[in-house]
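Residues per chain, in single letters:
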Amino acid sequence: MKRWTVASYAIVVAFLLVVLVPIAAVVVNSVKVPADIFTPSLKLAFTPTFDNYAKVLGDLHFQTFLVNSTLVALGSTALSLAVGVPAAYALARLPVRGRELWAGGILFTRMVPAVALVVPMYVIFQRTELLGTYFALIAAHTTFNLPIVIWMMRSFFEELPPDLEEAALVDGSGRFGAFWRVALPLTAPGLAATAVLCLLFSWNEFLFALVLSGRETQTVPIGVASFIGTVSVDWGGSSAAAVLALVPVFLLGLAAQRFLVRGLTFGAVKG
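Residues numbered from 1 in each chain as written. Predicted model: local features only at pLDDT ≥ 70, side-chain atom pairs only at ≥ 80, totals over all residues. Heavy atoms only, no water.

Turning next to the overall build of the protein. Assigned secondary structure in the protein consists of 14 helices and 0 strands. When its helices and strands are written in sequence order, the protein yields α-α-α-α-α-α-α-α-α-α-α-α-α-α. Viewed in the frame of its principal axes, the protein has a C-alpha envelope of about 75 × 65 × 30 Å. Taken over 271 residues, the protein has a buried fraction of 36%. A fraction of 75% describes how many contacts in the protein between residues 6 or more apart in sequence connect residues 24 or more apart. A total accessible area of about 16,000 Å² is found for the protein, and carbon and sulfur atoms account for 72% of it. In the protein, which carries 17 positive and 14 negative side-chain charges, the distance between the mean positions of the two groups comes to 7 Å. (Helix = DSSP H or I, 4+ residues; strand = E, 2+ residues; numbered from the N terminus. Buried < 20%, exposed > 50% of the residue type's maximum accessible area, 1.4 Å probe, protein only. Contact = heavy atoms within 4.5 Å. Areas by Shrake-Rupley, 256 points an atom, 1.4 Å probe, with all protein chains shown as cover. Lys, Arg positive; Asp, Glu negative; His and termini not counted. Charge placed at Lys NZ, Arg CZ, Asp CG, Glu CD.)

As structure tokens, then:
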């Protein structure tokens, strides 16, 4: 076996260890009693218990967190796609003046740290009496999802042959018709991949949810953090909550795996 092959396998194994070991530790801790979690040595032989899951699932507050995260993630993704996809098509096809400058400015907004945006957003939503509402979280999450949608979908539209849309225009279809009936269906894998990424980013977001949410609109990351008290940490409960928060994302990734692979490699090979 060639040396570079061995090195590539070693890199993949090291990457998997870095990624999977923390997840495995959380899963294992979620089925341990406190005495087994706090043992000084690494205890692999223990009697699993599902009391932590029963406690978390029986908590109405955590059920509310799951519902809130679902509503905010779906709302932010839908709004980002509704605004970002037409904008991406315009930047890819229409003779927009200063197109590259606009695209660069949009990308710059994604580079701005969230901590620099959360304070002015807090003031804006407080003065408009929207603080603590679903709209505040959806709008805040859209600020970092929208640039992703525009940049990803722009590249997908640019990979399409313009002749297809020109043929639609010749046949009497307007520019919107060419976009809706020709370009958008052909970029469906890219659209699905973009939507999945937006859902993941919104589901995992913590800072905006911490500052802008109210008692009735807190999301899953806040729910997981709520197991950390002032003098102690419920490691079993927080681990079970983290696993329950991971399951929907994991199932979504499995269901959309085909679209993710096709979308993220769309246009990578030409000719």
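After that view of the structure, there is still more to cover.
The subject of this paragraph is the nonpolar core. One finds Val85, Tyr89, Val149, Met153, Phe157 and Phe179 to be the most contacted residues of the largest nonpolar core, which totals 24 residues. If you list the elements that add at least two residues to this core, you get α4 (60–93), α5 (99–111), α7 (134–159), α9 (175–186) and α10 (188–204). The element contributing the most residues to this core is α7, with 7 residues. Not counting chain neighbours up to four residues away, the residues in contact with valine 85 comprise Ser80, Val149, Met153, Phe157, Phe179, Leu184 and Leu191. Among the nonpolar cores identified, the runner-up in size contains 14 residues, and Val56, Phe65, Phe227 and Leu244 belong to it. (Core = buried A, V, L, I, M, F, W, Y, C linked by side-chain atoms within 4.5 Å.)

Moving on: the pattern of salt bridges. Close approach of charged atoms lets side chains of opposite charge pair. One pass over the structure, following the stated rule, counts 5 salt bridges. The residue lysine 55 makes a salt bridge to aspartate 234 at a minimum N-O spacing of 2.5 Å. Placement of the pair is lysine 55 in helix α3 (residues 51–57) and aspartate 234 in the loop between α12 (220–225) and α13 (235–255), with a sequence separation of 179 residues. Residue aspartate 234 is classed as partly exposed on the basis of its relative accessible area of 26%. Arginine 154 serves as the salt-bridge partner of glutamate 100, at 2.5 Å between the closest nitrogen and oxygen. Here the residue glutamate 100 occupies a position in helix α5, and arginine 154 occupies one in helix α7, the gap between them amounting to 54 residues. (Salt bridge = Lys/Arg side-chain N within 4 Å of Asp/Glu carboxyl O.)

Bringing the side chain of threonine 49 into the picture now. Looking at the element boundaries, threonine 49 is found in the loop between α2 (34–37) and α3. What makes threonine 49 buried here is its relative accessible area of 13%.

Residues lying three or four places apart along an α-helix face the same way, a consequence of the helix completing one turn every 3.6 residues. Under the 1.5 Å per step criterion, the end-to-end length of α10 is 24 Å for 17 residues, consistent within 8% with the ideal 24 Å. Inspection of α10 places Pro189, Gly190, Ala193, Thr194, Ala195, Val196, Cys198, Leu199, Ser202 and Trp203 among the buried residues, and these make up the whole buried set. (Expected span 1.5 Å × (residues − 1).)

This paragraph deals with the environment of arginine 110. Relative to the assigned elements, arginine 110 resides in helix α5. The spacing of arginine 110 and proline 189 is 79 residues in sequence and 23 Å in space, taken between C-alpha atoms. Setting aside residues up to four positions removed in sequence, arginine 110 forms contacts with Phe144, Pro147 and Ile148. Of note is the side chain of arginine 110, whose polar atom sits 3.0 Å from the backbone oxygen of phenylalanine 144. (Polar contact = N/O pair within 3.5 Å; in protein donor to acceptor, adjacent residues only side chain to side chain.)

In this section: the packing of aromatic side chains. This model, assessed by the stated rule, comprises 8 aromatic pairs. Grouping aromatic residues by their ring pairs yields a cluster made of Tyr89, Phe157, Phe176, Phe179 and Trp180. If you follow arginine 110 out to its NZ or CZ, it ends over the ring of phenylalanine 201, 5.7 Å from the centre. Directly above the ring of tryptophan 151 sits arginine 154, whose terminal nitrogen or CZ lies 5.7 Å from the centroid. (Phe/Tyr/Trp six-rings, centres within 6.5 Å; stacked < 30°, edge-to-face > 60°. Lys NZ or Arg CZ within 6 Å of the ring centre and 35° of its normal.)

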